[in-house]
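Residues per chain are reported as follows:
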Amino acid sequence: MPNADAARARLSQQLTELAGRQQRLAQDLSEPLNPDSSEQAVELEDDASLEAQAALVAREIASVNRALLRIENGTYGECVRCGDAIAPKRLEARPEAALCISCASSEQ
């Protein structure tokens, strides 16, 4: 298993950053629309983009939380699909990675 303490620290930092981003997106989405109809159209288009970003951030948060759970369960660094070890370089680049490169490639 990779260094669990280092991974936990990186994932916790990532979770904090994602939570901040999620909060900023929620604030932006909660702003009232401009009464000018042409401005409203632009703001609604912007809101659609912000909603997509918020959904992506929520998925990233879930992924980080699952990685933290794998650390707690002692399975961090193991591919959740095939059980093989996830390459240390992959975990270094994406500490929340749940799949080995082979399984991740077959998913695309």
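Throughout, residues of each chain are indexed from 1 in the direction in which the sequence is written. At least 70 in pLDDT is required for a residue's local features to be given in this predicted model, at least 80 for side-chain atom pairs to be given and counted, and no such filter applies to totals for whole chains, interfaces and linings, which use all residues. Side-chain numbers come from the whole structure's heavy atoms, not from hydrogens or water.

As annotated in an unreviewed UniProt entry, the protein chain is Conjugal transfer protein TraR from Sphingopyxis witflariensis.

Enquirer: Now, about the UniProt feature "zinc finger region: dksA C4-type" (unreviewed entry) in the protein chain: what can you tell me, with residues and values included?
Expert: UniProt positions are given in the numbering used here, feature names are shortened, and annotations may be inferred rather than shown by experiment. The UniProt feature table records "zinc finger region: dksA C4-type" (unreviewed entry) at residues 79–103. The distance from the first to the last C-alpha atom of residues 79–103 is 8 Å, and the span holds 36% helix and 0% strand. Numbered from the N terminus, helices here are DSSP runs of H or I no shorter than four residues, and strands are runs of E no shorter than two.

Enquirer: Just give me the short version of the environment of Ser 105, but keep the residues and values in it.
Expert: Tracing the chain through its elements places Ser 105 in helix α4 (residues 101–107). Throughout this description, a polar contact denotes any pair of N or O atoms lying within 3.5 Å of each other; where both atoms belong to protein, one of them has to be capable of donating a hydrogen while the other can accept it, and for residues adjacent in sequence the pair is counted only when both atoms sit in side chains. In terms of polar contacts, Ser 105 uses its side chain to reach the backbone carbonyl oxygen of Ile 101, at 2.8 Å.

Enquirer: So what about the nonpolar core? Which residues, and what values?
Expert: The biggest cluster of nonpolar side chains holds 21 residues, and the ones touching the most others in it are Leu 11, Ile 71, Tyr 76 and Cys 79. Of all the secondary structure elements, the ones that give two or more residues to this core are α1 (4–30), α2 (37–73) and α4. Considering each element in turn, this core owes the most residues, 7 residues, to α2. By the convention used here, residues are in contact when the closest approach between their heavy atoms is within 4.5 Å. Residues in contact with Ile 71, not counting those within four places in the same chain, are Ala 4, Ala 7, Arg 8, Leu 11 and Tyr 76. Among buried residues, those of type Ala, Val, Leu, Ile, Met, Phe, Trp, Tyr and Cys that are joined through side-chain atoms within 4.5 Å constitute a nonpolar core. Throughout, exposure labels follow a simple rule: accessible area from a 1.4 Å probe, protein chains only, divided by the maximum for the residue type, with under 20% read as buried, over 50% as exposed, and the rest as partly exposed.

Enquirer: Any details on the environment of Gln 22? Residues and values, ideally.
Expert: Relative to the helices and strands, Gln 22 is located in helix α1. Put simply, Gln 22 and Ile 61 are 39 residues apart on the chain and 9.3 Å apart in space, counted from C-alpha to C-alpha. Excluding residues that lie within four positions of it along the chain, Gln 22 makes contacts with Val 57, Ala 58 and Ile 61.

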